[in-house]
Structure formats: structure tokens, C-alpha cells
Amino acid sequence: MGAVFEARRPGQPPVALKVLLPSADPDLLARFEREAKVLRQLDARGIVRLLDYGGDRGRAYLVQELCPDGDLAGVLRKRGHLAPEEARALVVPLCEALGAAHAVGIVHRDLK
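This section reports on the structure supplied with the text. Computed from a predicted model, the values in this text were never measured in an experiment.

Calculation rules
Residues numbered from 1 in each chain as written. Predicted model: local features only at pLDDT ≥ 70, side-chain atom pairs only at ≥ 80, totals over all residues. Heavy atoms only, no water. Helix = DSSP H or I, 4+ residues; strand = E, 2+ residues; numbered from the N terminus. Buried < 20%, exposed > 50% of the residue type's maximum accessible area, 1.4 Å probe, protein only. Contact = heavy atoms within 4.5 Å. Areas by Shrake-Rupley, 256 points an atom, 1.4 Å probe, with all protein chains shown as cover. Salt bridge = Lys/Arg side-chain N within 4 Å of Asp/Glu carboxyl O.

Remarks on the overall build of the protein
Inference 1: Within the protein one finds 3 helices and 4 strands.
Inference 2: Scanning the protein from its N terminus toward the C terminus, one meets helices and strands in the order β-β-α-β-β-α-α.
Inference 3: Taken over the C-alpha atoms alone, the protein extends approximately 45 × 35 × 25 Å along its principal axes.
Inference 4: Classification of the 112 residues of the protein by burial places 20% in the buried group.
Inference 5: Within the protein, contacts between residues at least 6 apart in sequence are counted, and of these 42% link residues at least 24 apart.
Inference 6: Per element, the accessible surface of the protein, about 8300 Å² overall, is 55% carbon and sulfur.

Here's the deal with the pattern of salt bridges
Any two side chains of opposite charge can pair, so long as their charged atoms come close to each other.
Inference 1: Under the defined criterion, the tally for this structure stands at 4 salt bridges.
Inference 2: Salt-bridge contacts for Lys18 lead to Glu35; the nearest nitrogen and oxygen are separated by 3.1 Å. With Lys18 in strand β2 (residues 15-20) and Glu35 in helix α1 (residues 26-41), the pair connects residues that are 17 residues apart, well separated along the chain.
Inference 3: Residue classification places Lys18 among the buried positions, given a relative accessible area of 16%.

Okay, here's the thing in C-alpha cells:
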């Protein structure tokens, strides 16, 4: 749907910049805009915050907090496995985040 980049602003921590790839499909832009509206509703530990969204030169974008440790797949590739207590430390906030999303009627279909 898009490309994600690490972006830096002077004097600010790095952010994740998600840019929608150019497409003639209006449904794709609508899904991207829905994602921004959903993210704006969520404020819970374990969910990256939406900092900004909009469009520039015909491209839609989202600016989100950057997860400093990367995604779970990257952690597992690097480490091979997690001890039970490390897995619990990741899973509990994930469950809390899903609970917060479900509380406002959001069902997530793309967990990373």
C-alpha cells in the first residue's frame, strides 16, 4: 500500500513516515485515510501515535512515532528466540493495545 521511511526533523526524535504509493485506485486512498482516522482515535500503550497526516504533491502520508526496536519479526531474526519473560513483556502490551482498539470498535487485520 505504501512505503515506510525513517525520517528526521531537526531537534526532534526520528519518526516513521508512511507514504502512499501513487495509484489510480480511489479505494486505496480511502483505505489510507481511514487508517489515519483510526490511528487518531487510539491512545494506548503499545500503539504508535499518529503525529501528522495529509498530502503533498499528490501523495498521501502518515507520520507516526518510530518504534526504536523495530518490529517483532526483526527482533526474532536478530535474536532467534525470546525467553518466556521477554515474550510476556511483549505480548501483554499487545493485548492491552488490541483491547483499546476493540473498545472503540476497531478490529485490526494487520498486526506487526
